[in-house]
Structure formats: C-alpha cells, structure tokens
Amino acid sequence: MSDVEIEWPWQYSFPPFFTLQPHPETRSKQVSAWKSLILEYCQKSKLYIIDVREANQLPLFNNSAINRKLDSSVVVSILSELSKTGNAAPLDKPKHRWEIYWHTLEEWASIIYDYVCENGMQNSVLTLFELSQGDDVAGRAFAGIHTDVLIKALQVLENQRKCELILSDEDQGVKFF
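Small disclaimer: the values here were computed from a predicted structure and weren't measured. (Residues numbered from 1 in each chain as written. Predicted model: local features only at pLDDT ≥ 70, side-chain atom pairs only at ≥ 80, totals over all residues. Heavy atoms only, no water.)

1. A few points about the sheet that holds strand 6 (residues 125-127)
Phase 1: Ordered in space as 6-8-7, the three strands form an open sheet in which the pairing is antiparallel. Strand pairing shows two members of the sheet lacking a second neighbour, strand 6 and strand 7 (163-167), which therefore form its edges. Sheet twist, expressed as the mean angle between neighbouring strand axes with direction ignored, is 20°.
Phase 2: Each of strand 7 and strand 8 (172-176) is contacted by helix 5 (residues 147-159), which is oriented at about 140° to strand 7, the strand it contacts most. (Pairing = 2+ DSSP bridges. Helix = DSSP H or I, 4+ residues; strand = E, 2+ residues; numbered from the N terminus. Axes fitted to C-alpha atoms, helices over the stretch in contact; angles between N-to-C directions. Contact = heavy atoms within 4.5 Å.)

This is the structure in structure tokens:
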C-alpha cells in the first residue's frame, strides 16, 4: 500500500500528531484530522478493512521519515469516532478488524442505485461480481468494492424496497426494482 499517491497533511510530519493530545480542543482537531486522513487514504488505496493489530505496517499510521507510529489504542479510538458518523464498523468484538466506509453505507446504496437507474437496470438481476468487478462498472466509484461492503449497501436498498438480494451458496446477486 506504500504506492498510494496521497498528499499528506502538514500534521503528518509533525511528531505530536502521532500522540493523542491531552488538551480537549487540540485533541478534537487532531482526531478530526486523523478521521479525514484515514478516509482519504482508504479511498485512494481502495482499502476497505483495517486490522488494528497490523495498522502500524501501513504508511498511514507509521511515518518512518519522522520515526513515529500511532498507537493501536489511539487507532481504535479514532475508528470508534468514525463509526459514530457511519464511516467505520468493527468486524469483531475485540475491535481488531474494522470496515472503513469513505462513503457511508447509505451513500454507497444511493451511488449504486443511481447507476442502476441511469443504465435502465431496474427489473434486472446482476451478480455481485458484475456489480463490483464487471467491465460495465469500471471507473465507477463502487468498482472494486469489497463484497461485504457491497452486500451491506445493498441491504440498505433492500430495506428501502429497491432491490432483493439473492445470497444462496452458489448464486450471489441482486434484483433491482
């Protein structure tokens, strides 16, 4: 993931950025900057899952130029803040693995449904592979979307009665309405 083209914010080269600040106002700005940086990094690198136990291997949390790493407990607290806005969700009880949503699930659902409507695909069935990896979706925001994130976004649409998921063992698809 080190080949990700990202313009690091000035804070990234400032050693105290990698230590949770005690002053509430400073900490709030620091956490906000980390949240934005995490979402931008994940979007540009198409990273949908962060394992906190391996987080300091990512350039995102490890600035080798200044020899600073963000402690895993701080990573968890920032991801917890992202979960409050619908931009992250823990995948396990100890909160080691997190899904990252640079678009919330509701936003992903809307982006996908807009694509379906633009292309006249209502009342048609698509496989999850076609919807995430197919040639027709190349260049779309959701191209390459992680299957679990795709299913969760489609469940939002299913709750809105805009689609029906087909998730049998041999077939994984969706019918749009």
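2. Thoughts on the sheet that holds strand 1 (residues 49-51)
Phase 1: If you walk across this open sheet you meet the three strands as 1-5-4, and the pairing is antiparallel. Every interior strand has two partners, whereas the edge strands, strand 1 and strand 4 (88-90), have only one. On average, adjacent strands in this sheet sit at an angle of 25° to one another, irrespective of strand direction.
Phase 2: In the sheet, strand 1 pairs with strand 5 (residues 97-100) via three bridges, with the strands oriented antiparallel. The partner of Asp51 across the bridge, within strand 5, is Arg97.
Phase 3: Helix 2 (residues 72-84) rests against strand 1, strand 4 and strand 5 of the sheet, and its axis sits at about 40° to strand 5.

3. Brief notes about the pattern of salt bridges
Two side chains of opposite charge can pair, provided their charged atoms sit close to one another.
Phase 1: According to the stated counting rule, one finds six salt bridges in the structure shown.
Phase 2: Residues Lys44 and Glu40 are paired through a salt bridge, measuring 3.2 Å at the closest nitrogen-oxygen approach. Taken as a pair, Lys44 and Glu40 lie in helix 1 (residues 24-45) at a separation of four residues, close to a single helical turn.
Phase 3: Residue class for Glu40 comes out partly exposed when judged on its relative accessible area of 28%.
Phase 4: For Lys84, the salt bridge identified is with Glu81, shortest N-O distance 2.9 Å. A residue pair is termed a helical-turn pair when its members lie 3 or 4 positions apart in one helix, as Lys84 and Glu81 do in helix 2 at three residues.
Phase 5: Classification of Glu81 by relative accessible area gives partly exposed; the value is 29%. (Salt bridge = Lys/Arg side-chain N within 4 Å of Asp/Glu carboxyl O. Buried < 20%, exposed > 50% of the residue type's maximum accessible area, 1.4 Å probe, protein only.)

4. Some thoughts on the packing of aromatic side chains
Phase 1: Summed over all chains, the structure comprises 12 aromatic pairs.
Phase 2: Judged by centre distance (5.4 Å) and plane angle (85°), the rings of Phe18 and Trp34 are edge-to-face. Here Phe18 is found in the segment before helix 1, whereas its partner Trp34 is found in helix 1, with 16 residues between them in sequence.
Phase 3: For Phe18, a relative accessible area of 3% gives the class buried.
Phase 4: Seen in terms of ring centroids, Tyr113 and Phe176 are 6.4 Å apart; in terms of plane orientation they differ by 50°. Their pairing is tilted. Taken as a pair, Tyr113 in helix 3 (residues 105-118) and Phe176 in strand 8 lie far apart in primary sequence, 63 residues in all. (Phe/Tyr/Trp six-rings, centres within 6.5 Å; stacked < 30°, edge-to-face > 60°.)

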